[in-house]
Amino acid sequence: MDGQQLLGSNDRGENNEGAKSDICVVNTDSGMLQSIFNSIKEFQTETRIESRRARVATKRLQGSVRKVAKSCTEIEAKLCTMDERIGAVEEEVDTLKQQNVTQESQMTDVMWKLEELENRQRRNNLRFLGIEEGLEGNDIRSYMIKLLQGAFPN
């Protein structure tokens with residue numbers, strides 16, 4: 001059967017349900033087989049070339065992925081450092097806020113004392129020289145009234 005091929009119904013993609021077992025004779029010549037063989041060889045060659053290209057592209061992608069992973073690791077390390085620094089700054093800000101509250105309270109006290117001193121300075125105070133200290137006792141007002149009445153009668 002040179003140049004002929006026997007094909008059963010299954011070889012043609014037909015199903016066997018309800019079909020008789022047909023055998024079909026297909027004429028094939030060596031030129032056609034050579035053409036199919038050459039097409040298969042060409043397909044294999046193209047597949048190998050595309051496979052090599054895919055491997056090269058995969059290697060490039062793997063290199064890029066490694067670079068991205070390295071960059072991510074570096075960024076993660078920087079973020080950790082920044083997180084620590086931010087935590088330290090937040091603690092310092094909290095400390096400074098507490099100090100500010102304390103200093104505002106102290107400033108309020110100092111301002112009150114300053115105002116009190118300024119008000120006392122503005123009062124009309126009299127200073128008497130030559131009078132021995134301690135003679136007034138507990139009531140300086142009555143002592144001064146008696147002293148002035150004796151010094152300036154009428």
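Structure: see above.
Each helix and strand in the protein chain was counted, giving two helices and two strands. In the protein chain, the order of α-helices and β-strands from amino to carboxyl end is β-β-α-α. Within the span of the protein chain, comprising 154 residues, buried residues form 3% of the whole. Here the contacts in the protein chain between residues at least 6 apart in sequence split such that 12% fall between residues at least 24 apart. If you sum the accessible surface of the protein chain, you get close to 14,700 Å²; carbon and sulfur atoms cover 54% of it.

With that settled, consider the pattern of salt bridges. Scanning all chains against the criterion turns up two salt bridges. Between Arg53 and Glu50 there is a salt bridge whose closest N-O contact spans 2.7 Å. Within this pair, Arg53 and its partner Glu50 are both found in helix H1 (residues 30–122), separated by three residues, close to a single helical turn. Judged by its relative accessible area of 53%, Arg53 is exposed. The partly exposed category is assigned to Glu50, whose relative accessible area is 44%. Two residues, Glu116 and Arg120, come together in a salt bridge whose shortest N-O distance is 3.6 Å. Taken as a pair, Glu116 and Arg120 lie in helix H1 at a separation of four residues, close to a single helical turn. For Arg120, a relative accessible area of 47% puts it in the partly exposed group.

What follows is about a positive patch on the surface. A surface patch of positive charge is lined by Lys41, Arg48, Arg52, Arg55 and Lys59. Looking at the element boundaries, Lys59 is found in helix H1.

Let's shift gears to a negative patch on the surface. Negative charge collects at one region of the surface, where Asp83, Glu84, Glu90, Glu91 and Asp94 lie side by side. Note on placement: Glu84 falls in helix H1. Of the residues examined, Glu84 reaches a relative accessible area of 60% and is grouped as exposed.

Below, the discussion takes up helix H2 (residues 140–151). Here H2 is twelve residues long and its end C-alpha atoms lie 16 Å apart, about the 16 Å a rise of 1.5 Å per residue gives. Across the twelve residues that make up H2, only a small minority, one, are buried.

Looking now at a nonpolar patch on the surface. On the surface, Met32, Leu33, Ile36 and Ile40 cluster together into a nonpolar patch covering about 380 Å² of accessible area. With respect to the helices and strands, Met32 occurs in helix H1.

Reading guide: rules and limits
All residue numbers refer to positions counted from 1 along the written sequence of the respective chain. Only residues with pLDDT of at least 70 are given local features in this predicted model, and only at 80 or more are side-chain atom pairs given and counted; all residues enter the totals for whole chains, interfaces and linings. Derived side-chain values reflect all non-hydrogen atoms in the structure, with water molecules and hydrogen atoms excluded from consideration. Comment: elements are numbered from the N terminus, with helices defined as DSSP H or I runs of at least four residues and strands as E runs of at least two. Classification of residues uses two cut-offs on accessible area relative to the type maximum, computed with a 1.4 Å probe and protein chains only: under 20% is buried, over 50% is exposed, and between them is partly exposed. Throughout, a residue-residue contact means that at least one pair of heavy atoms, one from each residue, lies within 4.5 Å. In this description, accessible areas are obtained by the Shrake-Rupley approach with a 1.4 Å probe, and a residue is regarded as covered only by the protein chains that are shown. Salt bridge, as used here: a side-chain nitrogen of Lys or Arg that lies within 4 Å of a carboxyl oxygen of Asp or Glu. Residues qualify for a patch when their relative accessible area is over 30% and they have no salt bridge, like charges being joined within 9 Å and the nonpolar side chains of Val, Leu, Ile, Met, Phe, Trp and Tyr within 5 Å. Counted charges follow a simple rule, with Lys and Arg positive, Asp and Glu negative, and His plus the chain ends left uncounted. By convention, charge coordinates are those of NZ in Lys, CZ in Arg, CG in Asp, or CD in Glu. Working rule for helices: expected span equals 1.5 Å times residues minus one.

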